[in-house]
Structure formats: C-alpha cells, structure tokens
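The residues making up each chain are set out below.
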Amino acid sequence: MEQSFANLLEQDQATIAPLYGKVDINFVKGEGSYLFDDKGDKYLDFVAGIAVNGLGHQNAGIKAAIVEQLNHFNHISNLYPNYPQIALGRKLLEITGFDKAFFCNSGTEANEGCIKFARKYFNRKGEAHRQKIVTFINSFHGRTFAALSATGQPSIREGFGSMPGDFVHVPWNDVDALKKEIDGNSCAIMLESLAAEGGVMTLSKEMVEAINSLQKEYGVLVILDEVQAGMGRLGTFLGFEKYGLNPDLVSLAKGIGGGLPLGAVLLRQKIADQLKPGDHGTTFGGNPIACAAGLSVVEQIAQPALLKNVEERSAELRAGLSKLAEKYASILAVRGEGLILGLALDENLPVGNVITAAREEKLMVLSAKGNVLRMLPPLNVSANEAREAIAKLDAAFAKVSK
C-alpha cells in the first residue's frame, strides 16, 4: 500500500496544478468525527474539510437525501422551478427571517453575489455613485476578483494585476478607522462574523455598535460573510446572531452543503425589489442534489440540541485550551467562539510545527493567519472527543516545546 500511495502522490504532482501543499496521508474513509487512512490509522478530524463537514463524515440524513434526489434528477438548470432549491430556500428564510435566497456553488461566489447585489441596489435607486465597500485587514472573502479585492490580505492578491476598485480595508475592531470611511456616499460594510482565516478574530462590542449606528445613519448596507462562521458554528444558526448585527445581505457556503458544492446569499426584500432577470446568474448554482443535502443539513443544525452541543463542547474545549496555555509558554492566547477556536502562538514556535506534531498524535488541525492554530471540529462532536483532542494537543505541544 505504501508503494501504491507513493504512486498516487507522483500522479498528483504530474496531473494537478501545484496550488496546494498536500500532506502525505491517504485517507480512505471517514466516519463521524474520524478519518481513516490506508494503513488503518484513525485520526480525530478537527479540520472538518475546512468547516465543510459540520455534521461529520457519513451523516445518515445527508446520505439519504442525496440518494433520494438521485432517483429524480441530477440537474435541470435555473430555467425551471427546482423543488429541492425552493424547499431549502423556504427553510432558510423561515429560520433566519430574511426575504429571498439566491443559490450558487461556493463561498467566493456567494460573496460576489453580495457585492453585485449591493451595488445594483444603489444603482437602481439612482445612486450609482455609492460603490465604495469597506472591509477589514486580514479578512478573507474568496479568490475570484471582486471577493479577492474585498479580502484584506495583499499577499494573496499579488501578481494578479489590477483589482476591481472602490474597496477600502480598515483594521479589525478599529471603530475610528471605520467611521472615517463611511458617509452618505458609501455602499456597504462587509465583514465576517468571526474572522477565521485572518487569525480567529472576534468582534468587539464597540465595533458592533458602530456598524449598527452607521447603518442607520447613512443607509449603508451591511454584508455579513457567514461562509465559515455561519451554519451553527458559533452556537447560533447564523454567526451574526451572537453579536446583534442586522445585515442586509448574508453569504453562506462551506457547512451548508454537507460536503457538496453549495453557496447561498440571503437578501432583504428592499434589495430583491431592485433586481431583475439577467442581473446575475449561474448554471450549477442551486443544484438539486446539493440543495437536497443542504436541506438535511439545515434541518439538523436548526435543532436546539445540536446548537446546545456546540455551546457545551466549546466551553469544554476552551477550558482545556486555557489549561494548555497555562502549561506551555508558547501559547499566548486562546481565541474564538463556538467551534471556531484558535491558539495564538509565540513567533518562536511556528504553527506548522504544532500541526505536524498533532498529526503524529492522530489529530488533524490547521492554521490561521498570524501564527495561529485553528480548530474546526464537527458541530456534533462529543464530550469524549473534545477531551481526546485536548490530550492529543497536549502531547503535540510537549513534543515541540523547548
């Protein structure tokens, strides 16, 4: 099997564009919170496909929904009513209180939709000059050009030429900097309810109050990127509910599709009223199979017991991480909310070293910007699995700490 996997890696390098640094593990099966490799080793998965597998691997409800839809049709396009899409849309609107839904395939597409809808809204109202969108340094909104322009990380824009204009980036939680950029000519404030990729950064109470105030005073739209922090991950169905924001547009992806490509934009009626056929579109967005899976995901995440589990496991993990921070001087801070948790590390201990050591202990974790270790367990992770993760992480830090 080792030789077979070596061949697999060689074929990958010869075939796939070199855009990812890949770990030399051949996973062959997932079940619940665990992944299994071709040697039979069992790994506790606190990456969850980068917050995609919110209900773990081989979730029975998702599997049943996919098979059921396969018995009807795989794809019909958005030229016709699509009943799995309608069912998912109705459920999302019922839970969230939004008025309309638009479906796409990914988080970056959802953010592109939000940006286009926000600018079209003001254009149709006769305020075409309102194009400036204020986002935040170290934010991450995707890799297509408009979403990349909104992303506050110059390093990932480098080398791609000119970006779409009228995007301004201010420091996270810097109220004064935000207020300087917003006036009656601004289009939108765009932010993540928790900046996961950017370093597992949470919103301050002062920033939330400032955003709500600016929204009322200037009529500026608020776009909430819930691609990673939404779908129950912060212990509320959508992350912004944790903070008391009132967004006009919300982008969803990752966890909503249960492992299938699916994204969504939730809109207020005033924005939907300014949209017409042809303003935006997608061939695959709202694919029936993905939407069938998504409906199962939404119904499961909306259950109070699951959201309670997120809060309880979060508290247990935070307590465990805090004990590790007391034990290891290289851990500077515990960050995050719900089941997006992070450890800010001293610069003398590269986060990659800890990730490698954790993997040797059969725990899968990942990084975030600023030398931060990030943990994204399934939302239905158990108390025993949370304790197991802390024990494995303890062993990993013991290996790499000096």
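Please refer to the structure placed before this passage.
Worth saying up front: this structure is predicted, and the values here are computed from it rather than measured.

Caption draft 1: Summary view of helix α13 (residues 383-400). When the terminal C-alpha atoms of α13 are compared, their 26 Å separation across 18 residues agrees well with the 26 Å that a helix rising 1.5 Å per residue should span. Restricting attention to buried positions, one finds in α13 the residues Glu385, Ala386, Ala389, Ile390, Lys392, Leu393, Ala396 and Phe397.

Caption draft 2: Fine view of the environment of Glu312. Along the chain, Glu312 falls in helix α11 (residues 304-327). Under the relative-accessibility criterion, Glu312 is labelled partly exposed at 33%.

Caption draft 3: Structural view of the sheet that holds strand β11 (residues 249-252). Strand order in the open sheet formed by 7 strands is β4-β12-β11-β10-β7-β5-β6, with mixed pairing between adjacent strands. Unpaired on one side and paired on the other, β4 (100-104) and β6 (167-170) mark the two borders of the sheet. Between one strand and the next, the sheet's axes are offset by a mean angle of 20°, whatever the strand orientation. Pairing of strand β5 (residues 132-136) with strand β7 (residues 186-192) involves 3 bridges; the strand directions are parallel. What sits directly across from Ile133, in β7, is Ala188. On top of the sheet, helix α4 (residues 83-96) reaches β4, β11 and β12 (263-267); it is set at about 130° to β4, its chief contact.

Caption draft 4: Looking closely at the side chain of Ser186. Assignment of secondary structure puts Ser186 in strand β7. Every residue in contact with Ser186, bar those within four places of it in the chain, is listed here: Phe122, Arg130, Lys132, Glu181 and Val220.

Caption draft 5: Spotlight on the sheet that holds strand β15 (residues 363-364). In space, the 4 strands of this open sheet follow the order β1-β2-β3-β15, with mixed pairing throughout. Here the strands that pair on one side only, and so sit at the sheet edges, are β1 (27-31) and β15. Sheet topology note: the β1/strand β2 (residues 34-37) ladder contains 4 bridges and is antiparallel. Looking at β2, one finds that Lys29 is bridged to Phe36.

Caption draft 6: Representation of unusual backbone geometry. Residues other than glycine seldom take positive phi values, yet Asn173 does so here, at roughly 65°. Mapped onto the secondary structure, Asn173 falls in the loop between β6 and α7 (175-181). The backbone of Lys254 shows a phi angle near 40°, a positive value even though the residue is not glycine. Tracing the backbone through its elements, the reader meets Lys254 in the loop between β11 and β12.

Caption draft 7: Main features of the packing of helix α3 (residues 60-70) against helix α10 (residues 288-301). Across the interface, α3 lies against α10 with an axial gap of 8 Å and an inter-helix angle of 150°. Looking at the two axes, α3 sits roughly antiparallel to α10. Viewed along their axes, α3 and α10 form a crossing whose handedness is right-handed. Residues Gly61, Ile62, Ala65, Ile66, Gln69 and Leu70 of α3 pack against Pro288, Ile289, Ala292, Ala293, Ser296, Val297 and Gln300 of α10. For the contact of α3 with α10, a count of residues per class yields 9 nonpolar, 4 polar and no charged.

Caption draft 8: Representation of α10 in the model. The terminal C-alpha atoms of α10, which comprises 14 residues, lie 20 Å apart, in line with the 20 Å expected from a rise of 1.5 Å per residue. Within α10, 12 of the 14 residues are buried, which leaves the element mostly enclosed by the surrounding structure. For α10, the elements touching its buried residues are α3, α4 and α11. Capping of α10 at its N-terminal end is provided by Asn287; its side-chain oxygen lies 2.9 Å from the backbone amide nitrogen of Ile289.

Cut-offs and rules
Residues numbered from 1 in each chain as written. Predicted model: local features only at pLDDT ≥ 70, side-chain atom pairs only at ≥ 80, totals over all residues. Heavy atoms only, no water. Helix = DSSP H or I, 4+ residues; strand = E, 2+ residues; numbered from the N terminus. Expected span 1.5 Å × (residues − 1). Buried < 20%, exposed > 50% of the residue type's maximum accessible area, 1.4 Å probe, protein only. Pairing = 2+ DSSP bridges. Axes fitted to C-alpha atoms, helices over the stretch in contact; angles between N-to-C directions. Contact = heavy atoms within 4.5 Å. Parallel < 35°, antiparallel > 145°, perpendicular 65-115°, else oblique. Left-handed = near helix turned anticlockwise from the far one by under 90°. Nonpolar A, V, L, I, M, F, W, Y, C, P; charged D, E, K, R; others polar. Polar contact = N/O pair within 3.5 Å; in protein donor to acceptor, adjacent residues only side chain to side chain.

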